[in-house]
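# Topology and contacts: notes
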Amino acid sequence: MALGLLITISMFAAGSAIADEADFSNFREEDIGLVSGIQPKPFTAEMPVAQVAQQVAPFSPQCSMEVPDSILGTPEFFEIRMKRGKSQILPGVDTEIIGFDGTFPGPTIKARANIPTIVRFWNDLDVVTIVHNHGGHQPAPSDGAASVIEGRLIRPGSFRDFCYPNLGDFDPATFQQDVAEFPSTQWYHDHAHVPEVDKGITGHNVYMGLAGFYLVKDALEQNLVDSNVLPKDEYDIPVVIQDKLFDTNGRLIFDEADNQFNGLLGDVFAVNGKAQPVFHVERRKYRFRFLNGSTARFIQLALSHGKFLQIGTDTWLLPHPVEPTASDNDGTRPNEIRLAPANRADVIIDFSTAPREVFLNNVLTHTTGRRPENKIVLPGVGLIKFIVADGPPVENDVTVSTATPLRPHNAISADLIKTVREFVFKRNKGHWTVNGQFFDHGRIDADPIAGEPEQWNLINGGGGWAHPIHIHDDAHQIVSMKGRNLDPQDRFKVDTVRLESGNEAVIRIAFRNFLGPFVMHCHNLEHEDMAMMIRFDIVEKSLGGEADASEVQFGAPGEKRTDLPPLLPITTAGPLGPGSGLGESDADPTPGGQVITGEEATQETIQGLAP
Ligand code: C2O
Ligand code: CU
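Let me sum up the structure you'll find in this document.

As a further point, take the overall build of the protein chain. Across its full length, the protein chain holds 3 helices and 35 strands. At a minimum sequence separation of 6, the contacts of the protein chain that also span at least 24 residues come to 80%. If you sum the accessible surface of the protein chain, you get close to 20,800 Å²; carbon and sulfur atoms cover 51% of it.

The structure is reproduced here in structure tokens:
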């Protein structure tokens with residue numbers, strides 16, 4: 001085999017090593033799915049912080065804010081090109097990526113309340129793309145949702161403009177905004193679904209690097225910064241964590257050769273685009289906005305010393321900071337944070353009295369795209385080694401504590417709910433369905449009325465799969481969760497709810513503005529791509545039918561598509577080999593739920609996955 005790619009398969013009896021020179025010295029089969037052909041030496045490179053996107057001269061935008069100009073400030077214009085680039089994810093190895101402005105992560109867009117942002121995204125690639133501003137409350141044509149709706153893809157060589165008003169939810173009559181709904185931590189990423197093959201390529205495009213942060217501040221949040229409660233920009237660090245798989249030449253591997261691909265898992269953690277970096281910090285409090293930007297991998301964050309103080313979940317600040325916990329079906333662990341793909345944790349870490357070295361670790365094993373094993377390995381895999389400055393703590397550090405009021409929260413009460421819908425997420429015939437159906441851009445699966453809060457029952461249909469479910473356009477509030485505890489940080493607003501095996505979430509959501517098509521989907525990007533996604537259209541009251549609370553609504557079970565066509569040709573290294581799931585049944589007998597503490601498991605020796 002020319003590549004000499006070291007690949008082996010842990011989960012599938014049929015799998016076996018297919019490399020010329022298999023080296024298992026650093027490898028325990030039960031802990032690792034696929035092994036990269038180059039293993040980085042951890043903690044060599046400094047973690048970069050993505051550059052901030054710079055404004056360009058105004059152009060005449062081909063998009064609309066869908067609100068009167070009079071309520072908005074002077075727009076800020078940006079131009080970002082999706083293109084190929086080189087990145088040293090592995091120290092000393094150039095890897096080709098595709099990225100916004102050719103970088104991974106892409107430039108951070110910083111926006112302010114009521115000052116609209118207009119971004120012209122160019123596609124200089126040979127694959128189609130579309131950009132979704134995840135967590136954003138924006139007009140449907142600028143949402144980048146199910147990109148096939150009204151032909152909104154960005155074809156190679158062309159561009160599309162996106163209008164982001166940077167408003168919280170507002171009353172459509174008065175434009176009075178609801179401060180409780182104003183966002184903080186969004187991220188923008190590709191969301192392409194290709195009509196020619198009737199299939200998404202979002203997984204490929206995000207994995208190859210098309211992801212960046214979009215941070216928004218309103219007066220409330222800016223005031224917390226200005227009054228020295230929350231850290232200033234210099235100490236407010238967005239951090240995207242993605243798992244990657246490399247061949248022996250340092251090329252990223254992404255291969256969907258068989259269409260039963262459960263979700264790509266890599267064994268190298270790229271943190272702001274560097275494998276297991278170090279980050280030098282002062283003796284003070286920092287704000288980190290951790291984003292799990294992986295395709296399929298769940299991570300569970302833990303600190304070697306000290307505690308997390310969580311101030312925000314997904315897009316929104318909490319009403320007050322909480323000490324986070326991490327719950328799965330086997331229990332609840334203190335001072336850890338579990339992040340499914342797309343989840344964010346906005347946290348304060350206090351290094352003022354920390355030892356010289358502090359590790360941010362991932363303690364969760366995850367070896368098959370179907371779900372994490374719930375096997376906790378301590379101390380875990382080092383994601384970042386913080387190197388803390390010598391000397392005394394800084395003076396006049398920020399004052400944030402569990403007593404600090406942050407963003408108000410208005411719970412949607414049960415008596416406001418007029419419509420209840422039910423959605424079952426389930427693997428079916430080797431792909432992924434919602435209520436037994438694959439995504440169809442031409443089919444409207446729900447038609448919520450603007451201004452009328454709804455309850456959605458989100459049900460994991462079983463088979464041992466985990467599905468992080470993301471709803472576009474607005475926050476949802478989890479009111480109950482079957483099968484596991486609800487962590488304190490998840491009891492307010494989220495945009496992506498984890499449905500672990502057998503979990504059933506009852507959520508409430510109020511769509512208030514921006515009519516038209518949006519989507520809900522699994523954020524395991526392989527599941528989204530094939531094709532666990534629905535289109536819902538927010539409609540005006542006069543257009544909606546009389547909703548009935550007792551009625552569970554969804555389009556009648558339609559025909560099941562069993563013959564998804566192959567992916568468009570996309571250039572990647574490979575091959576991945578057997579074991580991506582071909583021939584698996586929809587059910588899964590593998591148990592989880594162990595905690596392992598290994599003496600040999602130090603952060604220095606761990607590379608990639610579990611020790
Ligand atoms: Cu982050 Cu519809 O996606
Ligand atoms: Cu899923």
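With that settled, the discussion passes to the nonpolar core. Within the largest apolar cluster, 93 residues are counted, with the highest numbers of intra-cluster contacts made by Phe-121, Trp-456, Leu-458, Met-520 and Phe-536. The element that contributes the greatest number of residues to this core is strand β10 (residues 211-217), accounting for 5 residues. Beyond its immediate stretch of four places on either side in the chain, Phe-121 contacts Ile-80, Met-82, Phe-100, Val-131, Ile-154, Ser-158, Phe-159, Arg-160, Phe-162, Tyr-164 and Tyr-188. Counting 30 residues, the second-largest nonpolar core is a separate cluster that includes Met-47, Ala-354, Val-381 and Phe-386.

It is worth spelling out helix α2 (residues 219-226) at this point. Regarding α2, the residues found buried are Glu-221, Leu-224 and Val-225. Angular distribution of buried residues about the axis of α2 spans 100°; they occupy a single face of the element. Along α2, the residues that are exposed and aim more than 90 degrees away from the buried face are Ala-219 and Asp-226. At the exit of α2 stands Asn-228, carrying a positive phi of roughly 65°.

So, on to the layout of surface pockets. In this structure, the largest pocket occupies an estimated 260 Å³ of space. Taken together, 20 residues line the largest pocket, and the ones lying closest to its centre are Val-52, Lys-110, Leu-215, Asp-233 and Asp-236. For the lining of the largest pocket, the secondary structure elements donating two or more residues are β3 (109-112), β10, β11 (236-244), β14 (278-281) and β15 (285-292). Residues that form the lining of the largest pocket fall into these classes: 10 nonpolar, 3 polar and 7 charged.

This part takes up the packing of aromatic side chains. Within the structure shown, the criterion is met by 27 aromatic pairs. Where Tyr-286 meets Phe-351, the ring centres are 5.7 Å apart and the plane angle is 75°; that geometry is what we call edge-to-face. Placement of Tyr-286 in strand β15 and of Phe-351 in the loop between β22 (344-350) and β23 (357-364) is noted, with a sequence separation of 65 residues between them. Overall, the relative accessible area of 4% leaves Tyr-286 in the buried class.

In space, the 4 strands of this open sheet follow the order β30-β28-β32-β33, with antiparallel pairing throughout. Every other strand in the sheet has two partners, leaving β30 (496-499) and β33 (533-538) as the edge strands with one partner each. When the angles between neighbouring strand axes are averaged without regard to direction, this sheet yields 20°. Bridging between strand β32 (residues 516-522) and β33 involves 6 bridges; their strand directions are antiparallel. Across the sheet, the residue bridging to His-521 is Met-533, located in β33.

On inspection of all chains with the given rule, the structure shows 39 salt bridges. When the shortest N-O distance is used, the salt bridge between Glu-221 and Arg-289 registers 3.9 Å. With Glu-221 in helix α2 and Arg-289 in strand β15, the pair connects residues that are 68 residues apart, well separated along the chain. With respect to burial, Glu-221 and Arg-289 carry one shared label: buried. Residues Glu-454 and Arg-421 are paired through a salt bridge, measuring 2.6 Å at the closest nitrogen-oxygen approach.

Criteria and cut-off values
- Residues numbered from 1 in each chain as written.
- Chains lettered and ligands numbered in written order.
- Predicted model: local features only at pLDDT ≥ 70, side-chain atom pairs only at ≥ 80, totals over all residues.
- Heavy atoms only, no water.
- Helix = DSSP H or I, 4+ residues; strand = E, 2+ residues; numbered from the N terminus.
- Contact = heavy atoms within 4.5 Å.
- Areas by Shrake-Rupley, 256 points an atom, 1.4 Å probe, with all protein chains shown as cover.
- Core = buried A, V, L, I, M, F, W, Y, C linked by side-chain atoms within 4.5 Å.
- Buried < 20%, exposed > 50% of the residue type's maximum accessible area, 1.4 Å probe, protein only.
- Arc of directions from axis to C-beta.
- 1 Å grid on protein atoms, 1.4 Å probe; cavity = no way out; pocket = protein on both sides within 12 Å on 5 of 7 lines; lining within 4 Å.
- Points joined across faces, edges and corners; volume = space filled by probe spheres on them.
- Nonpolar A, V, L, I, M, F, W, Y, C, P; charged D, E, K, R; others polar.
- Phe/Tyr/Trp six-rings, centres within 6.5 Å; stacked < 30°, edge-to-face > 60°.
- Pairing = 2+ DSSP bridges.
- Axes fitted to C-alpha atoms, helices over the stretch in contact; angles between N-to-C directions.
- Salt bridge = Lys/Arg side-chain N within 4 Å of Asp/Glu carboxyl O.

On their own, these measurements won't tell you what the molecule is for.
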